[in-house]
Amino acid sequence: MPETLIDKIWSTHRVGRRIDGKDLIYIDRHLLHELHAPEAFRKMTAAGRKVRRPELTFGDLDHTVSSAVGRDDQSNPDGVDFIRAMRAGTSRFGIRLFDLDDPFQGISHVVGPEIGLILPGMTYACPDSHASTVGGLGALAFACGTSELEHVLSTQTIAVTKPRSLRVLLGGRLSRLVGGKDVALRVLAEIGVAGAQGHIIEFAGPAIDDLEIEGRLTLCNLSIEMGARSGLIAADEKTFSWLEGRPYAPSGRDLELALEAWKSMRSDADARFDREVTIDCDGLEPYVTWGTDPSQALPVTGTVPDPDTLAPERRDRTERALEYMDLAVGTPLVGLPIQRVFIGSCTNARLSDLKVAAEVIAGRRIAAGVIGLVVPGSSLVKRQAEALGLDVVFTDAGFVWGESGCSMCAAGNGDHGEPGERCISTTNRNFENRQGAGVRTHLASPATAAAAAVAGEIVDVRDFLDRG
Amino acid sequence: MQPFQTVSGVAVAYLADDVNTDEITPVHRSLEPDFAELLFARRKRLADGSLDPSFPLNRAQFAKAEVLVAGRNFGCGSSRESAVWAMLAVGIKVIVARSFADIYRDNCLKNGLLPVVLVADDQDQLERDVIDADGASQAVVDLVTQTITSPTGTNFSFEMDAAERTALLEGLDDIGVSLREEGSIRAFELGLAIDSPWLIALPVATDID
Ligand code: SF4
């Protein structure tokens with residue numbers, strides 16, 4: 001029988017069936033972070049449990065770490081207990097922690113792929129909803145809560161009923177300055193924040209073939225915002241060459257074996273999905289959100305929608321969103337003044353994101369009155385960007401250049417906006433109060449965010465560059 | 001986990017759709033947060049920090065509510081389990097929603113908080129009944145019979161996966177249930193070592209070249 005990529009990963013990882021009928025799926029890699037792991041460590045210690053495969057488990061410091069240059073444990077007073085508990089827990093259980101001074105420190109979803117820990121056809125668990133980022137390499141991610149995290153640590157498996165499959169076929173070609181983030185917001189606008197509930201998404205089609213790996217990681221990052229269990233993209237030659245030489249990726253004879261396995265990890269031509277959605281990406285414009293959930297997104301040339309024209313169940317949410325965002329029906333997105341810009345997060349703070357933002361910024365300055373912060377997704381990205389001189393491009397333009405971590409994405413590290421501010425952000429959630437009490441977040445790509453920083457208002461980055 | 005059987009208690013309605021876990025429990029700043037305080041920490045307060053008297057869970061008649069009636073896609077967003085622990089901390093033991101975000105529902109099940117979805121017409125009726133009763137009488141949720149009696153006396157039945165129901169009724173230790181398959185896990189790992197050594201024998205890496 002023809003199989004989907006999801007079927008193939010499932011069948012190669014199925015350990016057996018539990019007495020309650022759930023499948024037990026083996027987890028190849030497990031990354032933890034300091035916001036949630038300490039509680040699991042505490043409970044495991046109390047219950048006398050051991051970590052089954054500490055050598056397949058890694059720890060990150062990302063949510064609570066300060067982005068200030070020269071930071072230490074105490075730079076974010078609210079983070080110090082988490083950081084120390086993470087150190088104590090990982091050392092007690094024999095888990096390698098990418099500590100603040102480790103070259104591999106960074107946001108788990110950025111670090112895992114870039115050091116080759118996550119590979120095509122793998123299963124991956126992380127106590128964080130954006131685990132699905134790694135789907136961009138063809139791996140199947142499980143985002144979990146703290147109890148599930150304890151389960152994975154104790155058993156190296158997850159007990160789960162197989163979700164349904166949804167193929168999102170993305171046709172057409174992407175134009176210049178339009179990337180993974182814009183595609184993701186386009187899909188979100190189409191299917192909504194619960195559109196993929198109970199499903200794992202496989203993204204496929206010509207627009208996916210065209211996307212570079214980092215753009216695929218961005219798109220898969222936002223699967224959770226679509227309500228999906230997970231999202232992935234079959235690995236191809238681009239993936240294999242992107243992985244080559246990464247520190248934890250196989251080499252030599254192992255690589256030959258791995259490549260053989262990876263090449264079969266794609267959906268068979270006639271495989272059946274439980275659902276399919278097709279979206280044409282030809283002529284896709286840069287997308288920006290206007291509301292307080294990531295599906296409330298529009299082409300940048302759009303205008304704020306009228307709740308009365310929407311389906312009844314969307315109306316209340318929309319009215320509330322417009323109130324929170326202080327937007328009137330019919331207002332064009334282009335021209336909305338912004339006071340803060342954040343370029344960072346597991347969605348859009350990889351090297352290619354910083355490069356495209358720097359290209360837009362180069363030789364320009366942030367508009368008067370706008371505060372700009374760039375926080376690389378990992379310490380490796382930061383070093384690579386600095387080697388290219390990108391830090392200087394940003395600081396010359398008036399941005400603050402920070403140390404890697406989640407920073408203003410969830411405002412868990414002391415970085416946040418001020419009440420009433422309008423912030424354009426390359427992150428994944430425009431929820432009320434997420435980037436600070438009363439902050440109004442507009443999600444966008446790094447290119448769009450960078451252009452807005454210079455213009456002091458939301459702009460169409462394509463026109464912006466053409467104007468020179 | 002505490003076994004779940006029957007809950008008789010006040011039901012409160014908070015009917016917004018797409019309530020996310022940032023709203024339910026903002027990021028906690030301490031290893032041992034006050035979960036009750038964290039529940040709807042921002043949502044329940046006005047701009048000046050005082051409790052918003054119009055927020056349903058703030059109203060006196062719902063102070064001891066044990067059943068929450070909610071909208072579509074409840075608990076979307078972050079996978080943080082605090083969004084379930086905080087419900088339990090204030091005594092909410094059942095959530096009846098139009099639908100749940102997947103991870104939130106998992107987190108409920110792992111903590112003995114019963115997530116129920118009724119058919120749409122029943123949910124409409126339950127919402128009306130809960131609003132009409134306004135906390136003056138109790139709802140009954142019985143997992144053994146898979147029924148709900150609304151505070152005004154309407155009866156509904158609900159579906160529940162048999163395994164999930166058993167786990168809740170018996171308060172099963174999820175990890176313990178998986179560890180019964182220890183033999184299969186070990187056999188699987190042996191197979192991996194032979195077929196895909198690169199998956200489990202990791203190189204030692206300390207930095208990029
Ligand atoms: S960058 Fe944001 S979304 Fe990503 S892991 Fe950190 S807090 Fe979560």
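Since the model is a prediction, treat every value here as computed from it, not as a measurement. Residue numbers here run from 1 along each chain, matching the order of that chain's written sequence. By the order in which they are written, chains take letters starting at A while ligands take numbers starting at 1. Totals for whole chains, interfaces and linings use all residues, but because this is a predicted model, local features are given only for residues with pLDDT of at least 70 and pairs of side-chain atoms are given and counted only at 80 or more. For the side-chain quantities, the full set of heavy atoms in the structure was used; hydrogens and water were omitted.

Novice: Could you clarify how one ought to interpret the overall build of chain B in this entry?
Specialist: Along its length, chain B carries 9 helices and 8 strands. Viewed in the frame of its principal axes, chain B has a C-alpha envelope of about 65 × 45 × 25 Å. Any two residues having at least one pair of non-hydrogen atoms within 4.5 Å are treated as being in contact. Counting contacts in chain B only where the partners sit at least 6 residues apart, residues at least 24 apart contribute 64% of the total. Put simply, chain B shows about 8,900 Å² of open surface, and 52% of that area lies on carbon and sulfur atoms. Here chain B holds 17 positive side-chain charges and 33 negative ones, and the gap between their average locations is 6 Å. Strands here are runs of E lasting at least two residues and helices are runs of H or I lasting at least four, both read from the DSSP assignment and numbered beginning at the N terminus. Areas reported as accessible are Shrake-Rupley estimates using a 1.4 Å probe. Residue values count occlusion only from the protein chains shown. Neither His nor the chain ends is counted toward charge; the positive residues are Lys and Arg and the negative residues Asp and Glu. A charged residue contributes its charge at one atom only: NZ of Lys, CZ of Arg, CG of Asp or CD of Glu.

Novice: I would appreciate a short explanation of the site of the ligand in the present structure.
Specialist: Here a residue is considered near a molecule or strand provided that any single heavy atom belonging to it is located within 4 Å of it. Surrounding the ligand, one finds H63, I107, H109, D128, H130, S345, C346, C406, C409, A410, N428 and R434 of chain A. Gly counts as polar in this scheme, as do all residues outside two lists: the nonpolar Ala, Val, Leu, Ile, Met, Phe, Trp, Tyr, Cys and Pro, and the charged Asp, Glu, Lys and Arg. Partitioned by chemical class, the residues of the shell around the ligand number 5 nonpolar, 5 polar and 2 charged.

Novice: What is the right way to look at the interface of chain A and chain B in this model?
Specialist: How big an interface is tends to be reported as the loss of accessible area on association of its parts. Tallying the contact residues gives 83 residues for chain A and 54 residues for chain B. Between chain A and chain B the total buried area reaches about 5,800 Å² when both faces are included, carbon and sulfur atoms providing 55% of it. Here, a salt bridge means any side-chain nitrogen of Lys or Arg that lies within 4 Å of a carboxyl oxygen of Asp or Glu. The interface formed by chain A and chain B includes 10 salt bridges. A salt bridge links E189 of chain B to R52 of chain A; the shortest N-O distance between them is 3.0 Å. By residue class, the composition of the side of chain A that touches chain B is 36 nonpolar, 19 polar and 28 charged. Accessible area that two parts lose when put together, with a 1.4 Å probe and added across both, is what the buried area reports.

Novice: When you look at the pairing of strand 15 (residues 340–343) of chain A in this model, what are you seeing that I'm missing?
Specialist: Where a strand is regular, its side chains alternate between the two sheet faces. Residues and elements named next belong to chain A. Only protein chains enter the calculation, and the probe is 1.4 Å; a residue is then buried if its accessible area is under 20% of its type maximum, exposed if over 50%, and partly exposed in between. Alternating positions in strand 15 separate into two faces, R340 and F342 on one and V341 and I343 on the other, with burial throughout. Note on pairing: DSSP must find at least two bridges between two strands before they are called paired. Judged from the 4 bridges that link them, strand 15 and strand 16 (residues 371–374) form a sheet pairing that is parallel. Among the inter-strand pairings, I343 is bridged to a residue of strand 16, identified as V374.

Novice: What exactly am I supposed to notice about the nonpolar core here?
Specialist: Most often, soluble globular proteins have nonpolar side chains that are buried together. The term nonpolar core refers to a set of buried residues drawn from Ala, Val, Leu, Ile, Met, Phe, Trp, Tyr and Cys, joined through side-chain atoms within 4.5 Å. V341, I343, L354, F394, F399 and I424 of chain A are the most contacted members of the largest nonpolar core, which has 50 residues in total. If you list the elements that add at least two residues to this core, you get helix 11 (312–325), strand 15, helix 12 (351–361), helix 13 (379–387), helix 14 (390–397), helix 15 (446–455) and helix 16 (461–467) of chain A. Of the residues forming this core, the biggest block, 7 residues, is contributed by helix 15 of chain A. Among residues more than four places away in sequence, those in contact with F399 of chain A are V341, I343, I361, I366, G372, L373, V374, F394 and A453 of chain A. In terms of nonpolar packing, the next biggest core, distinct from the first, is built from 44 residues, I118, W262 and L380 of chain A together with L199 of chain B among them.

Novice: Would you mind going over the sheet that holds strand 1 (residues 14–17) of chain A with me for this structure?
Specialist: Two strands in a sheet stick together by hydrogen bonds in their backbones, pointing the same way (parallel) or opposite ways (antiparallel). Residues and elements named next belong to chain A. The antiparallel open sheet is built from 3 strands, whose spatial order is 1-2-8. Both edges of this open sheet fall to strand 1 and strand 8 (157–160), since each of them pairs with a single strand only. Each strand axis lies, on average, 25 degrees off the axis of its neighbour in the sheet, ignoring direction. Relative to strand 2 (residues 23–26), strand 1 runs antiparallel, the two being bridged by 3 bridges. Bridge pairing in strand 2 places R14 opposite I25. Whenever a helix is involved, its axis is fitted only over the stretch in contact; in every case the axis is a line through C-alpha atoms, and angles between N-to-C directions fall within 0 to 180 degrees. Taken strand by strand, helix 5 (residues 146–155) contacts strand 2 and strand 8, and its axis lies near 130 degrees from that of strand 8.

Novice: Before we go on, may I ask you to explain helix 3 (residues 82–89) of chain B in this structure?
Specialist: Residue and element names in this part refer to chain B. Judged by how many residues are buried, helix 3 sits mostly within the fold: 6 of 8 residues are covered. Restricting attention to buried positions, one finds in helix 3 the residues S82, A83, V84, W85, A86 and M87. Downstream of helix 3 by one or two residues, G91 has phi in the positive range, about 100 degrees.

Novice: Before we go on, may I ask you to explain helix 11 of chain A in this structure?
Specialist: Note on helix geometry: an α-helix contains 3.6 residues per turn, so any two residues three or four positions apart are oriented the same way. Residue and element names in this part refer to chain A. For helix 11, which comprises 14 residues, the first-to-last C-alpha distance of 20 Å matches the rise-based estimate of 20 Å (1.5 Å per residue) to within 8%. The set of residues buried in helix 11 consists of R317, T318, A321, L322, Y324 and M325. Here the buried residues of helix 11 occupy an arc of 155 degrees about the axis, which is enough to place them on one side. The exposed residues of helix 11 that point more than 90 degrees off its buried face are P312, D316 and E323. Trailing helix 11 by a residue or two, D326 shows a phi angle of about 55 degrees, which is positive. A helix's residues, less one, multiplied by 1.5 Å, set its expected span. Relevant arc is that of directions from the helix axis to the C-beta atoms, nothing else.

Novice: Any chance you could explain the side chain of N73 of chain B here in plain terms?
Specialist: Examined against the element boundaries, N73 of chain B turns out to sit in the loop between strand 3 (67–70) and helix 3. For N73 of chain B, a relative accessible area of 1% puts it in the buried group. If near-sequence neighbours (up to four positions away) are discounted, N73 of chain B is found in contact with V193, A194 and Q197 of chain A together with D18, V19, S99, F100 and A101 of chain B.

Novice: In this structure, what is going on with the domain arrangement of chain B? I would like to understand it.
Specialist: Here the domain parsing of chain B yields domain 1 (6–170) and domain 2 (172–201). Per the annotation, domain bounds derive from an automatic or database assignment of domains. Centre-to-centre, using C-alpha coordinates, domain 1 of chain B lies 36 Å away from domain 2 of chain B.

Novice: I tried to follow the packing of helix 6 (residues 180–191) of chain A against helix 8 (residues 213–221) of chain A on my own but got confused; where do I start?
Specialist: To describe two helices that pack against each other, one gives the angle between their axes and the distance between the axes. Residues and elements named next belong to chain A. Orientation of helix 6 relative to helix 8, taken along the N-to-C sense of each, is 25 degrees, at an axis distance of 8 Å. Here helix 6 is positioned roughly parallel relative to helix 8, judged by the angle of their axes. Considering the relative orientation of helix 6 and helix 8, their crossing is right-handed. When helix 6 is examined against helix 8, the residues G180, K181, V183 and A184 are found in contact with a partner set consisting of G215, T218 and L219. In terms of residue class, the contact of helix 6 with helix 8 is built from 3 nonpolar, 3 polar and 1 charged. What sets the label is the angle itself: under 35 degrees gives roughly parallel, over 145 gives roughly antiparallel, 65 to 115 gives roughly perpendicular, and the rest give oblique. By the definition used in this description, the sense in which the near helix is turned from the far one sets the handedness, with an anticlockwise turn below a right angle giving left-handed and a clockwise turn giving right-handed.

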